[in-house]
Amino acid sequence: MLPLDGLRVLDLSRVLAGPLCAMMLGDLGASVIKVERPGSGDDTRGWGPPFDERGESAYYLSVNRNKLSLAADLGDAADRELLLQLIAGADVVVDNFRPGTLERRGIDPRALVELYPRLVWCTITGFGEHGDRPGYDFVVQAERGWMAISGVPDGEPMKIGVALVDVVAGKDATAGILAALTARGLRSAPLPASQRRLIVSLADSAAAALVNVAQNVLVSGKDAGRWGNGHPNLVPYQLFQAADRPLVVAVGTDAQWLDFVRALELPALADDPRFLTNAGRVTNREELIAMLAARLGQRPAADWLALLTTAGVPAGQVRGVAEVVAAGGGSAATGMPPAVPGGQVRLPPPRLDAHGPAIRGRGWGAFPLPVADG
């Protein structure tokens, strides 16, 4: 039995943050129904190429396993009634509609969490409960400081290669839902509706995820800049070019520094008082990095990695995504394996409305279904 076995989750979301949240709950054993627009479905079904042999986009496949699919039209009275019936039997609802959209169609999350004392409802927005702007990862990366600190120092602001704001917000939503479910189970009295009505915004998640970079600004009073593959607070903590391929070194302590230069056979640096502390290494960054770069460029990355691993110094080769997925056990049908402890892949991402007849006939009684869902 999985940790969330028996939990019922209605996924009214689309694109990335909400579907990721619902998928994580499904990975942990929850029964998840994904509700999509008739005809086109989730926006990401068309976000490609690449598409698999069934015509499903890789983007859609990445965050929709362990779900059943129901196509339903919010503008249709019978479909709205079906959704209200599913909500009545659900433990969790996840949505990412813009503020007011559901309410205008007769589905009021605040009223429903008051009506159903067990229901936890999480809405993921772009800019908060009262912000009516569409929430797109790229825009939020720009507006919440991420692009200002990404890229080479003399280059233009750069987005991160993964839609990480969506990922962080989806995980924040999952944490909030699990916290509400835990509190619901621990209390003898029903959890107040205000604690079961959750609002997660991409903007707030992105700002909170600035962590130490934001704290640097708060403490110093100076704006953060771009460091490329360097680190504002640690040296050496960056990318170097070995003789054949890039290598990263992440020296986090003064003891690791000594182990590092000994592995590099640079005893003079171990004795130089300018470099004995991290603060000194940060102050003398440019001179020190030039010396280290010259040494690391003399041998292949694999040689250095072997020496540094033996010495206990954090280091790694720069690998391509193809190398990572080949080693990580990913599947073209179901994506990368669950990272959440205890998670399992039970169902591949569904075709649009693949389970509509079963859900319309039996509601939550449509679970469980066999893995092969067509």
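The following refers to the structure shown. Everything numeric here is computed off the predicted structure, so don't read it as measured data.

## A word on the packing of aromatic side chains
So, point 1. Applying the stated criterion across every chain yields a total of four aromatic pairs.
So, point 2. Note on W257 and F275: the rings are 6.4 Å apart at their centroids and 70° apart in plane angle, and the pair reads as edge-to-face. Of this pair, W257 sits in helix α11 (residues 254–263) while F275 sits in the loop between α12 (267–271) and α13 (278–283), and the two are 18 residues apart along the sequence.
So, point 3. Given the relative accessible area of 0%, W257 is considered buried.
So, point 4. Here F275 falls in the buried class, since its relative accessible area comes to 0%.
So, point 5. In textbook terms, an aromatic cluster arises when at least three aromatic residues are bridged by ring pairs, as seen for W257, F260 and F275.
So, point 6. In this structure, R133 packs its charged tip against the face of F127, placed 4.1 Å from the ring centre.

## What to know about a nonpolar patch on the surface
So, point 1. Where nonpolar side chains cluster on the molecular surface, the patch consists of V321, V324, V325 and M336 and spans about 330 Å² of accessible area.
So, point 2. Tracing the backbone shows V321 in helix α16 (residues 321–328).

## Structural notes on the nonpolar core
So, point 1. One finds V9, L25, V92, I124 and I177 to be the most contacted residues of the largest nonpolar core, which totals 32 residues.
So, point 2. If one sorts the elements of this core by residue count, helix α7 (residues 164–186) sits on top with seven residues.
So, point 3. Each residue touching L25, except ones within four places of it in the same chain, is listed here: L4, V9, A30, V92, T174, I177 and L178.
So, point 4. One finds L10, A72, L119 and F367 within the second-largest nonpolar core, a separate group that totals 28 residues.

## Quick word on the sheet that holds strand β5 (residues 120–125)
So, point 1. Across the sheet, six strands lie side by side as β3-β2-β1-β4-β5-β6; this open sheet has parallel pairing. The sheet terminates laterally at β3 (68–71) and β6 (197–201), the two strands that pair on one side only. Going across the sheet, the axis of each strand differs from the next one's by a mean of 20°, ignoring polarity.
So, point 2. As judged from the five bridges shared by β5 and β6, these two strands associate in the parallel manner. By the bridge assignment for β6, T123 is matched with I199.

## Description of the pairing of β3
Sheet faces and side chains relate simply in a regular strand, where the side chains alternate between the two faces.
So, point 1. Residues L68 and L70 point to one face of β3 and S69 and A71 to the other, with burial holding for every one of them.
So, point 2. Across four bridges, strand β2 (residues 31–36) lies against β3 in parallel orientation. Bridging across to β3, K34 finds its partner in S69.

## Some thoughts on the pattern of salt bridges
So, point 1. Taken as a whole, this structure holds 23 salt bridges when the rule is applied.
So, point 2. A salt bridge links R14 to D43, with the shortest nitrogen-to-oxygen separation between them at 3.8 Å. You can see R14 sitting in the loop between β1 (8–12) and α1 (17–27) and its partner D43 sitting in the loop between β2 and α2 (58–62), a full 29 residues away along the chain.
So, point 3. The partly exposed category is assigned to R14, whose relative accessible area is 22%.
So, point 4. Here D91 and R184 are joined by a salt bridge, their closest N and O atoms 3.5 Å apart. Here the residue D91 occupies a position in the loop between α3 (77–89) and β4 (92–95), and R184 occupies one in helix α7, the gap between them amounting to 93 residues.
So, point 5. According to the relative accessible area criterion, D91 is buried, its value standing at 9%.
So, point 6. Residues participating in the shared-partner salt-bridge network are E36, R45, E56 and R351.

Definitions and cut-offs
Residues numbered from 1 in each chain as written. Predicted model: local features only at pLDDT ≥ 70, side-chain atom pairs only at ≥ 80, totals over all residues. Heavy atoms only, no water. Phe/Tyr/Trp six-rings, centres within 6.5 Å; stacked < 30°, edge-to-face > 60°. Helix = DSSP H or I, 4+ residues; strand = E, 2+ residues; numbered from the N terminus. Buried < 20%, exposed > 50% of the residue type's maximum accessible area, 1.4 Å probe, protein only. Lys NZ or Arg CZ within 6 Å of the ring centre and 35° of its normal. Patch = residues over 30% accessible without salt bridge, like charges linked within 9 Å, V, L, I, M, F, W, Y side chains within 5 Å. Areas by Shrake-Rupley, 256 points an atom, 1.4 Å probe, with all protein chains shown as cover. Salt bridge = Lys/Arg side-chain N within 4 Å of Asp/Glu carboxyl O. Core = buried A, V, L, I, M, F, W, Y, C linked by side-chain atoms within 4.5 Å. Contact = heavy atoms within 4.5 Å. Pairing = 2+ DSSP bridges. Axes fitted to C-alpha atoms, helices over the stretch in contact; angles between N-to-C directions.

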